[in-house]
Amino acid sequence: MKPALLALLFTGGAWAQALPVVPFRLDPEQVLRSLRDRRPVMSESECGALALSGCRSEEPTRIRGISLRWVQLDTDEQLEAILVLTGEAEDSHIAYVFDRQAQWNLIGSFECRRHRCELDRMVRVQQLTKDAPPLLFCYRDRGGSGTVNWYNESFHLRAGRLWPSFQVITYEYMPFRGPYSLVRRVRASDDRLVIHTIREQPPGTKPQHSCEVLRWDAERFTYRPVAAEQAKYCDSRNGQPLADKSFPAVLSLLR
Ligand SMILES: [Ca+2]
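Residues numbered from 1 in each chain as written. Predicted model: local features only at pLDDT ≥ 70, side-chain atom pairs only at ≥ 80, totals over all residues.

**Student:** Describe the pairing of strand 9 (residues 148-158), and please don't skip the residues or the numbers.
**Tutor:** Here is the key point about a regular strand: its side chains alternate between the two faces of the sheet. Two elements, strand 8 (residues 135-141) and strand 9, share six bridges in a ladder whose sense is antiparallel. Paired with Cys138 across the bridge in strand 9 is Glu153. Linkage of strand 8 to strand 9, two consecutive antiparallel strands, is achieved through a turn of six residues. Summarising the sheet, strand 9 and strand 10 (residues 161-173) pair through 10 bridges and their orientation is antiparallel. (Pairing = 2+ DSSP bridges. Helix = DSSP H or I, 4+ residues; strand = E, 2+ residues; numbered from the N terminus.)

**Student:** Mind laying out the sheet that holds strand 4 (residues 80-87), listing which residues take part and the relevant values?
**Tutor:** Pairing within the open sheet is antiparallel, and its five strands lie in the order 2-6-5-4-3. Among the strands making up the open sheet, the edge pair consists of strand 2 (22-24) and strand 3 (63-71). Ignoring strand direction, the axes of neighbouring strands in this sheet form an average angle of 30°. Inspection of the sheet shows strand 2 paired to strand 6 (residues 104-113) by three bridges, in the antiparallel sense. Residue pairing for strand 6: Phe24 is matched across the bridge by Trp104. Helix-sheet contacts for helix 1 (residues 28-37) involve strand 2, strand 3, strand 4, strand 5 (92-100) and strand 6, and the interaxial angle to strand 3 is about 175°. (Axes fitted to C-alpha atoms, helices over the stretch in contact; angles between N-to-C directions. Contact = placed C-beta atoms within 7 Å.)

**Student:** Could you give me a rundown of unusual backbone geometry, with the residues and numbers involved?
**Tutor:** Going from Arg39 to Pro40, the amide bond is cis rather than trans, its omega being -5°. Inspection of the secondary structure puts Pro40 in the loop between helix 1 and helix 2 (44-50). Here the residue pair Gln201 and Pro202 is connected by a cis peptide bond, since its omega of -5° sits within 30 degrees of zero. Its place among the elements puts Pro202 in the loop between strand 12 (193-200) and strand 13 (208-217). Phi at Ala159 is positive, roughly 50°, even though this residue is not glycine. For Ala159, the position within the fold is in the loop between strand 9 and strand 10.

Shown next, in the form of structure tokens:
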């Protein structure tokens, strides 16, 4: 069975661009209160950075479901904050990530259409293997009108910035007579990722399986293929992962 070497899109390395950083005068708790209660008042530049129509509006109903959670993306004592909310005008769930350096910074914004994902699952922090740092994962739908194309995109925090690590397409489907449909499951052992791709071509026919093994590359901050270990984690007869060598890593929107 031929390995599906395009399962991951590697975005780490020297060519990767960090997400923009915007300094904030308010800390994440104050940002939450400002959005919910209009006090303290956020500056125009801070509102502009959030790109949220309800930011300085007098109509509080424009923002729903706002909450803050504290996460650990790097090794220092200061936790990072993720503020999630639903923007009514944007018709989207939005997550803002804050990191403290000399002051608080907004280091990333992630948006997901409301009908495409759930507020509490759109971003999360997960350490997939023991040798990798905790990564920030977000879902993105890159599909157009004729396709559904779900990505899981990951970032790592380094020097106060979020850097792209890797992307994996977890679901791909064309509703109108597309040539194939694809589901990809991410599995992990202690120190390896195993990517299981299930492809039906055309949709509804017998699924074809393929399996790919990866390990964390600490220099490039991403996972890289380890073709030599294919036989250790994957069944060469049917292209499926060996069930006792890796376990599902909670990564897909599809259960
Ligand atoms: Ca920190």
